[in-house]
Amino acid sequence: GEFFLSGGLQDSKVTVWDAESMLDIVSFTGPEDLGVLRVAFSLDAKFVISADTGGTVRVWSIEAGREVLARSVQQRAAKGGEREEEPLECVDVSSNGQFVATVV
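My aim in this report is to walk through the structure given alongside it, one point at a time.

Criteria and thresholds
Residues numbered from 1 in each chain as written. Predicted model: local features only at pLDDT ≥ 70, side-chain atom pairs only at ≥ 80, totals over all residues. Heavy atoms only, no water. Helix = DSSP H or I, 4+ residues; strand = E, 2+ residues; numbered from the N terminus. Buried < 20%, exposed > 50% of the residue type's maximum accessible area, 1.4 Å probe, protein only. Contact = heavy atoms within 4.5 Å. Areas by Shrake-Rupley, 256 points an atom, 1.4 Å probe, with all protein chains shown as cover. Pairing = 2+ DSSP bridges. Axes fitted to C-alpha atoms, helices over the stretch in contact; angles between N-to-C directions. Core = buried A, V, L, I, M, F, W, Y, C linked by side-chain atoms within 4.5 Å.

**What to know about the overall build of the protein chain**
Next up, step 1: Helix and strand content of the protein chain: 0 helices and 11 strands.
Next up, step 2: Starting at the N terminus and walking to the C terminus, you meet the elements of the protein chain as β-β-β-β-β-β-β-β-β-β-β.
Next up, step 3: Per-residue burial over the protein chain gives 31% buried out of 104 residues.
Next up, step 4: In the protein chain, 32% of the contacts between residues at least 6 apart in sequence involve partners at least 24 apart.
Next up, step 5: Accessible surface for the protein chain amounts to roughly 6,600 Å². Of this, 48% is attributable to carbon and sulfur atoms.

Below, the structure is given as structure tokens:
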């Protein structure tokens, strides 16, 4: 079947939907205070990758129904060298499925 994703800026939820029936297949919820900005499927469609307002990339297993990896993507501030959280503007998976790319 065909599926699509949605990410919730207000509810921190990532949902996988069945395109034909419009029913949700599985939902994942991240930290309540961090909205989901971007979502993508892995190439094998076994995982969902999300990017949130706190600058964290999360990998969710569709089969297991849970988060399997979370990495904070922080950039150094121009002055002082302190790290600061930045919302992630984009998330994508490389064509070989081995890398996740983000844009801050």
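From this point, things continue past the structure.
**Re unusual backbone geometry**
Both trends apply: most residues other than glycine have a negative phi, and most peptide bonds are in trans.
Next up, step 1: Positive phi values are uncommon outside glycine, yet serine 12 reaches one of about 60°.
Next up, step 2: Within the fold, serine 12 resides in the loop between β1 (3–7) and β2 (13–18).
Next up, step 3: Unusually for a residue other than glycine, alanine 45 sits at a positive phi of about 60°.
Next up, step 4: Along the chain, alanine 45 falls in the loop between β4 (36–41) and β5 (47–52).

**Some thoughts on the sheet that holds β4**
Next up, step 1: Pairing is antiparallel across the open sheet formed by 4 strands, whose spatial order is β4-β5-β6-β7. Lying at the two open borders of the sheet, with one neighbouring strand each, are β4 and β7 (66–72). Averaged over all neighbouring strand pairs, the angle between strand axes comes to 20°, with direction disregarded.
Next up, step 2: Bridge count between β4 and β5: 5 bridges; the pairing is antiparallel. By the bridge assignment for β5, valine 39 is matched with serine 50.

**Comments concerning the nonpolar core**
Nonpolar side chains tend to gather and get buried jointly when the protein is soluble and globular.
Next up, step 1: If you look at the biggest cluster of nonpolar residues, it comprises 8 residues: Leu5, Val14, Val16, Val26, Phe28, Val36, Val48 and Trp60.
Next up, step 2: Taken together, the elements giving at least two residues each to this core come down to β2 and β3 (24–29).
Next up, step 3: Look past the residues within four positions of valine 48 in its chain and what remains in contact with it is Leu5, Val14, Val16, Phe28, Ala40, Phe41, Arg58, Val59, Trp60 and Ile62.
Next up, step 4: Residues Ile49, Ala51, Val57 and Val93 belong to the second largest nonpolar core, which totals 7 residues.

**Comments concerning the sheet that holds β1**
Next up, step 1: In space, the 3 strands of this open sheet follow the order β1-β2-β3, with antiparallel pairing throughout. The open sheet has two free edges, formed respectively by β1 and β3, since each of these has just one partner strand. Ignoring which end each strand starts from, the neighbouring axes of this sheet average 15° apart.
Next up, step 2: With 5 bridges joining them, β1 and β2 adopt antiparallel strand pairing. Counted as the bridge partner of phenylalanine 4 is tryptophan 17 from β2.

**Things to note about the pairing of β7**
Next up, step 1: Pairing between strand β6 (residues 56–61) and β7: 6 bridges, direction antiparallel. Note that in β7 the partner of valine 59 across the bridge is leucine 69.
Next up, step 2: Connecting the antiparallel pair β6 and β7 is a turn made up of 4 residues, with glycine 65 showing a positive phi of about 75°.

By themselves, these are just geometric observations and shouldn't be taken as functional.
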